Protein chains: 2
Amino acid sequence: MKTLLLHARTFARIAPRLKGLNAALNIVTVDDAQRFHEAWTSTELKEPPQVHLAFGNIDAFYSPSVRDFMTAILKSPDFDWFQSAAAGIENPALVAIGQKSQRYTTNHTQAESMAEWAIWQAMDYFRKGPGHRANQAQGKWERLRVREMNGARWLIVGYGSIGQAVGKRVSALGGIVTGMRRTPGPAEGAARIAAPDTLMAELPGADVVLLCPPHTPETEGMANAAFFAAMNADALFLNLGRGALVDEDALLAALDAGRPEFAALDVTKIEPLPEESPLWKHHKVVITPHDSSDTPGTITRADDTFLANLRLYLDNEPMKHLVDRAAFSAG
Amino acid sequence: MKTLLLHARTFARIAPRLKGLNAALNIVTVDDAQRFHEAWTSTELKEPPQVHLAFGNIDAFYSPSVRDFMTAILKSPDFDWFQSAAAGIENPALVAIGQKSQRYTTNHTQAESMAEWAIWQAMDYFRKGPGHRANQAQGKWERLRVREMNGARWLIVGYGSIGQAVGKRVSALGGIVTGMRRTPGPAEGAARIAAPDTLMAELPGADVVLLCPPHTPETEGMANAAFFAAMNADALFLNLGRGALVDEDALLAALDAGRPEFAALDVTKIEPLPEESPLWKHHKVVITPHDSSDTPGTITRADDTFLANLRLYLDNEPMKHLVDRAAFSAG
């Protein structure tokens, strides 16, 4: 019998969907107070349990007990399968688990909420959110000529699950999407697909440039001074990928020079963003604390992914989004 | 030969599309400096001209010369056709023109930009825009659990051109739309249509309630204390219709009592909203100065409507969106 580790909140939420698996599965939980329990009986465990399976989601990773959750996995001699609620695998904690686990599966449903972040930021930029709010604070009734999403040209650099989730929404709202990726098109949500080596030629034609490629040696620091200088003066720069994709000093200099007009970042090079970073106070920068995926919907969709893969695991069927173990070895 | 009155900026923009109509049409313009010109020759006119046709758009009505534009129409003995860029006809200036003109046509393409306003406001509410901005101002990196448009339940009160333009976008983003209007469904963008007499029963089921019905004796003040008390505590109230639909004192009391959670208003009972109105400073209220339609796209689409109707007028064909003259008589 395999032992599955869940955060207590996760178990409470999905318990009804785990009934009937008792014969095949021993379930243990860890709560925010760092206590382990036998899930169905609520019996507290004296020692951290040895586990074979675990589901690492927001409940577990944003909990005060994240260290206990990690340690239980890393100290178990026969750890077999880890389901991540995230798409990325380069976080050090996830790399450690990936090296430990026989099998590691990812989840790509965060893209839905992340895509809504991009729509939010673009609408607030096009509709002159900052200008309207400044006027409201002064009790000033002044009509502002704003722009439309309808007809706006988007360049989405990295057209994977996140890029496509954004592209579908932008297209549905009348925007014109160029998706940038190695694999040629067509692709859902994009009017056309452009190859990464055309980046510098594509930048001047975009009203919104969104970064969401994977973080690799080739993409690191890709948004540099030359990149920003190639953008339109009335364009918006968005980063939903990784902070390391952006040269933050170059971005600040570019904004001060007036090109692009505005930037919104859900990710920064150092997270949490240090209090002294000039990004916080720059009037042409919106910072959100890497919470673009933090919705109840994201949690529920990750539960669905986990439960579907758990069923496949118990039936000895191939699981979805299985990562090649070699991906964790190089480091 | 008929004389057409345009704002000078409108003529400058659409002149290429008016070429070839010289034989049928004498075109005069009025500019922001209150000067009238013969359009094609730029000859200044000594007197305000007598005109037969006019196109009343943002250029004309938000110009310092709006009074000259109006007077030229109202003093012309044979004024025949007025194309409005607006959908509504209850503004006193428009009523005066409607009573004067033999024919009066409206335009419904403002709905596209107005619908984007609703998406903007809903996204900023769901994503906790105010909370994120307060944190950024303090340099505080704190993840906020936010909500999704995907799966959000909208009640759109008044499912005409504006309501449908919103409904289409909300549905495309995964929201679930109930459109409220007299005419039964189906209707584009709505999962279902509900009759106006079910209003009080529909309010509790909505995450977003948007008002955009026409302003009539029945709809005036419809958003009153009972209306707000029936809304969800975590719901958003939006008004894209007319300020007179809302009891503003009741709205403020309802927000203070915690139901609904937030309101965004593009229209207010008195416009411009007086500086002393408590709506300006309330932390649960967003005010925009009736500029939800104020985009270049709105201007271009109204040009298209005017030019299409001008062609029909000159060909003696029935024009689109002709208003029954009786609509202007009651007053």
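Only a predicted model underlies this, so the values are computations on that prediction, with no experimental measurement involved. (Residues numbered from 1 in each chain as written. Chains lettered and ligands numbered in written order. Predicted model: local features only at pLDDT ≥ 70, side-chain atom pairs only at ≥ 80, totals over all residues. Heavy atoms only, no water.)

A look at the overall build of chain A
Inference 1: Secondary structure assignment for chain A yields eleven helices and 13 strands.
Inference 2: For chain A, the spread of C-alpha atoms along the principal axes amounts to about 65 × 50 × 35 Å.
Inference 3: When contacts within chain A are restricted to residue pairs at least 6 apart in sequence, those whose partners lie at least 24 apart make up 59%.
Inference 4: Put simply, chain A shows about 13,900 Å² of open surface, and 53% of that area lies on carbon and sulfur atoms. (Helix = DSSP H or I, 4+ residues; strand = E, 2+ residues; numbered from the N terminus. Contact = heavy atoms within 4.5 Å. Areas by Shrake-Rupley, 256 points an atom, 1.4 Å probe, with all protein chains shown as cover.)

Topic: the interface of chain A and chain B
Inference 1: In this complex, chain A contributes 54 residues to the contact, which on the side of chain B involves 56 residues.
Inference 2: In this structure, the connection of chain A to chain B is made through six salt bridges.
Inference 3: Linking aspartate 294 of chain B and arginine 145 of chain A is a salt bridge whose minimum nitrogen-to-oxygen distance equals 2.7 Å.
Inference 4: One can count 36 residue pairs in polar contact (both at pLDDT 80 or more) joining chain A with chain B.
Inference 5: Among the elements that take part in the side of chain A that touches chain B, helix α5 (residues 111-126) of chain A stands out by supplying seven residues, more than any other.
Inference 6: Across the side of chain A that touches chain B, the residue classes tally to 23 nonpolar, 14 polar and 17 charged. (Salt bridge = Lys/Arg side-chain N within 4 Å of Asp/Glu carboxyl O. Polar contact = N/O pair within 3.5 Å; in protein donor to acceptor, adjacent residues only side chain to side chain. Nonpolar A, V, L, I, M, F, W, Y, C, P; charged D, E, K, R; others polar.)

Concerning the relation of the copies chain A and chain B
Inference 1: Aligned on chain B, chain A shows an RMSD of 0.0 Å; the corresponding rotation is 180 degrees and the shift along the axis is 0.0 Å. On the angle and the small slide along the axis, the relation comes out as a two-fold axis. The rotation axis passes nearest to the C-alpha of alanine 172 of chain A in chain A, at a distance of 3.0 Å.
Inference 2: Looking at chain A, 100% of its interface residues are interface residues in chain B too, so the copies touch through the same face. (Least-squares fit on C-alpha atoms with pLDDT ≥ 70 in both.)

Things to note about the packing of aromatic side chains
Inference 1: This structure, assessed with the given rule, holds 26 aromatic pairs over all chains.
Inference 2: For the ring pair tryptophan 280 of chain A and tryptophan 141 of chain B, a centre distance of 6.4 Å and an interplane angle of 85 degrees mean the geometry is edge-to-face. Within this pair, whereas tryptophan 280 of chain A is found in the loop between β12 (262-265) and β13 (285-287), its partner tryptophan 141 of chain B is found in the loop between α6 (129-137) and β7 (153-157), the two belonging to separate chains. Considered together, tryptophan 280 of chain A and tryptophan 141 of chain B belong to a single accessibility category, that of buried residues. (Phe/Tyr/Trp six-rings, centres within 6.5 Å; stacked < 30°, edge-to-face > 60°. Buried < 20%, exposed > 50% of the residue type's maximum accessible area, 1.4 Å probe, protein only.)

Looking at the sheet that holds strand β1 (residues 2-7) of chain A
All names here are of chain A.
Inference 1: With mixed pairing, the six strands of this open sheet are ordered in space as β3-β2-β1-β4-β5-β6. On the outer flanks of this sheet lie β3 (36-38) and β6 (103-105), each paired with one strand and no other. Across the sheet, the mean angle separating the axes of adjacent strands is 20 degrees when strand polarity is ignored.
Inference 2: Where β1 and strand β2 (residues 25-30) come together, six bridges link them in parallel fashion. Its bridge partner being in β2, leucine 4 is matched across the sheet by isoleucine 27.
Inference 3: Contacts from helix α3 (residues 66-74) reach β1, β2, β3, β4 (53-56) and β5 (81-84), with the element oriented near 150 degrees to β4. (Pairing = 2+ DSSP bridges. Axes fitted to C-alpha atoms, helices over the stretch in contact; angles between N-to-C directions.)

What about the sheet that holds β7 of chain B?
Residues and elements named next belong to chain B.
Inference 1: The seven strands lie next to each other as β9-β8-β7-β10-β11-β12-β13, forming an open sheet whose pairing is parallel. This sheet does not close on itself; its edge strands, each paired only once, are β9 (192-194) and β13 (285-287). Taken pair by pair, the neighbouring strands of this sheet meet at an average axis angle of 15 degrees, ignoring direction.
Inference 2: Across four bridges, the pairing between β7 and strand β10 (residues 208-211) is parallel. Note that in β10 the partner of valine 157 across the bridge is leucine 211.
Inference 3: Those strands touched by helix α5 (residues 111-126) are β7, β10, β11 (236-239), β12 (262-265) and β13, and its axis lies near 160 degrees from that of β11.
Inference 4: Sheet strands in contact with helix α10 (residues 248-257) are β11, β12 and β13, and its direction is about 150 degrees off that of β12.

Focus: the pattern of salt bridges
All names here are of chain A.
Inference 1: Going through the model one piece at a time under the given rule, you end up with 36 salt bridges over all chains.
Inference 2: In this structure, aspartate 32 engages arginine 9 in a salt bridge whose closest nitrogen and oxygen atoms are separated by 2.9 Å. Placement of aspartate 32 in the loop between β2 and β3 and of arginine 9 in helix α1 (residues 8-18) is noted, with a sequence separation of 23 residues between them.
Inference 3: Between glutamate 112 and arginine 169 there is a salt bridge, and its shortest N-O distance comes to 2.9 Å. Pair noted here: glutamate 112 is in helix α5 and arginine 169 is in helix α7 (residues 161-172), with a separation of 57 residues, a long-range link.
Inference 4: Of the residues examined, glutamate 112 reaches a relative accessible area of 25% and is grouped as partly exposed.

Geometric values such as these leave the question of function open.
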